[in-house]
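# Report on the structure
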Amino acid sequence: MQRVRIRYAKRGPLRFTSHRDFARALERALRRAGVPVAFSQGFTPHPKISYASAAPTGVASEAEYLEVGLREPVDAEQLRAALDAALSPGLDVLEVVVAAGGGLADRIEASRWRIELSQVDPDTLATAVAAFAAVEEVLVERMTKQGRRTFDARAAVISIDVMPRSATPSEDPALPCAILELVVRQVTPSVRPDDVLSGLRVVAGLEPPVAPKVIRLAQGPLTAQGAIGDPLDADRDGATIGGR
């Protein structure tokens, strides 16, 4: 059995696709593309597909990853093109590599996020970020499958920065728009961008007037310098298998 690893993006309105809906769409796309997916044994066989740290519903992403087991070898670039064509625009297959070993999920140690806060002044955000960074613990609450939980949103944040004004999107130049970028370590329970925003509300009373736009820019292993590496680097054999 061959294993392939796939990087895909969730863009535009398709960022509101839930993980369950995406999984169904992916299985249909694999069938339409004629991909020889391997299935588990037993009374209820299911396709051998595993996901690595899927982004929350409503969050866009340029760095989602999954692994598919195949019954027979395929050409990675042909698989990328066929699967991308079978999925809706906005669910874009960017890269496919043949797995060289090791666990994909084990390589996901942190994520880099970009949060666009429309109608928030950058100086106001900078004051809130300074207050957040100055403390060791910020307790927030979130409803989970186990009920409402309280946890620390600060310890998992490796870096948190306000982007320069020149980076502000030009959707409406008359309105301010603050941009936050943060690197968050993968922990349990997971700390999500909305948890960090809740933390900014706790320490500084920051209340964005409209829903933020959140994009995952990268996820992967952490370097010694705190940067995020490419989780597929270990699978490449020196040639990059393309994407768009």
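Residues numbered from 1 in each chain as written. Predicted model: local features only at pLDDT ≥ 70, side-chain atom pairs only at ≥ 80, totals over all residues. Heavy atoms only, no water.

### Overview of the overall build of the chain
Helix and strand content of the chain: four helices and ten strands. Moving toward the C terminus, one meets the helices and strands of the chain in the order β-α-β-β-α-β-β-α-β-β-β-β-α-β. Computed over C-alpha atoms, the radius of gyration of the chain comes to 20 Å, within 12% of the 18 Å expected from 2.2 N^0.38 for 244 residues, which places it in the range of a compact globule. Considering only C-alpha atoms, the chain reaches an extent of 55 × 40 × 35 Å along its principal axes. Within the chain, the proportion of its 244 residues that are buried is 42%. A separation threshold of at least 6 residues defines the contact pool for the chain, and within that pool the share at least 24 residues apart is 76%. Of the roughly 12,400 Å² of accessible surface on the chain, 50% is carried by carbon and sulfur atoms. Seen as two clouds, the 30 positive and the 31 negative side-chain charges of the chain have centres 6 Å apart. (Helix = DSSP H or I, 4+ residues; strand = E, 2+ residues; numbered from the N terminus. Rg over C-alpha atoms; globule rule 2.2 N^0.38 Å. Buried < 20%, exposed > 50% of the residue type's maximum accessible area, 1.4 Å probe, protein only. Contact = heavy atoms within 4.5 Å. Areas by Shrake-Rupley, 256 points an atom, 1.4 Å probe, with all protein chains shown as cover. Lys, Arg positive; Asp, Glu negative; His and termini not counted. Charge placed at Lys NZ, Arg CZ, Asp CG, Glu CD.)

### Observations concerning the environment of Ser111
Tracing the chain through its elements places Ser111 in strand β5 (residues 110-118). The sequence separation of Ser111 and Arg192 amounts to 81 residues, and the corresponding C-alpha distance is 9.6 Å. Setting aside anything within four residues of it in sequence, one finds Ser111 in contact with Leu182, Val183, Val184, Arg216, Ala218, Gln219 and Ile228. Within the structure, Ser111 has its side chain in polar contact with the side chain of Arg216 (distance 2.9 Å). (Polar contact = N/O pair within 3.5 Å; in protein donor to acceptor, adjacent residues only side chain to side chain.)

### Points about the packing of aromatic side chains
With the rule as written, the count across this model stands at two aromatic pairs. Each ring, one from Phe22 and one from Tyr51, has its centre 6.3 Å from the other, and the planes form 75 degrees; the classification is edge-to-face. Linking Phe22 in helix α1 (residues 19-32) with Tyr51 in strand β2 (residues 49-52), this pair joins segments that are 29 residues apart in sequence. With relative accessibility at 25%, the residue Tyr51 sits in the partly exposed group. Ring pairs connect the aromatic residues Tyr8, Phe22 and Tyr51, which therefore count as one cluster. (Phe/Tyr/Trp six-rings, centres within 6.5 Å; stacked < 30°, edge-to-face > 60°.)

### Some remarks on the layout of surface pockets
If you roll a probe as big as a water molecule over the atoms, it shows you where there is empty space left. In this structure, the largest pocket encloses a volume near 630 Å³. Ala54, Arg142, Pro189, Ser190 and Arg192 are the residues nearest the centre of the largest pocket, which is lined by 23 residues in total. In terms of residues, the lining of the largest pocket owes the most to one element, strand β6 (residues 139-144), which gives three residues. Split by residue class, the lining of the largest pocket holds ten nonpolar, seven polar and six charged. (1 Å grid on protein atoms, 1.4 Å probe; cavity = no way out; pocket = protein on both sides within 12 Å on 5 of 7 lines; lining within 4 Å. Points joined across faces, edges and corners; volume = space filled by probe spheres on them. Nonpolar A, V, L, I, M, F, W, Y, C, P; charged D, E, K, R; others polar.)

### What to know about the environment of Tyr51
Sequence separation between Tyr51 and Val68 is 17 residues, and the spatial gap between their C-alpha atoms is 9.0 Å. Residues contacting Tyr51, with those up to four places away along its chain left out, are Tyr8, His19, Phe22, Ala23, Leu26, Tyr65 and Leu66.

### Focus on the nonpolar core
The tendency in soluble globular proteins is for nonpolar side chains to be buried as a group. Counting 27 residues, the largest nonpolar core has Leu125, Ile160, Leu180, Leu182 and Leu200 as the members making the most contacts within it. For this core, the elements supplying multiple residues, two or more each, are β5, α3 (122-133), β8 (157-162), β9 (177-185) and α4 (193-204). Ignoring sequence-local partners within four residues, the contact set of Leu200 consists of Leu125, Ala128, Val129, Phe132, Leu180, Gly205 and Leu206. Residues Val4, Leu26, Ala29 and Val96 belong to the second largest nonpolar core, which totals 22 residues. (Core = buried A, V, L, I, M, F, W, Y, C linked by side-chain atoms within 4.5 Å.)

### Quick notes on the side chain of Asp195
Tracing the backbone shows Asp195 in helix α4. In terms of polar contacts, Asp195 uses its side chain to reach the backbone amide nitrogen of Arg192, at 2.8 Å. Contacts of Asp195, omitting those with residues within four sequence positions, involve Val140, Arg142, Phe151, Ala153 and Ser190.

### Observations regarding α3
An α-helical turn contains 3.6 residues, so any two residues separated by three or four positions project in the same direction. Over its twelve residues, α3 runs 16 Å from end to end, which matches the ideal 16 Å to within 8%, given 1.5 Å per residue. Every buried residue belonging to α3 is among Pro122, Leu125, Ala128, Val129 and Phe132, and all of these are buried. Relative to the axis of α3, the buried residues are bounded by an arc of 120 degrees and lie together on one face. Of the residues flanking the start of α3, the one acting as N-cap is Asp121, its side-chain oxygen 2.9 Å from the backbone nitrogen of Asp123. (Expected span 1.5 Å × (residues − 1). Arc of directions from axis to C-beta.)

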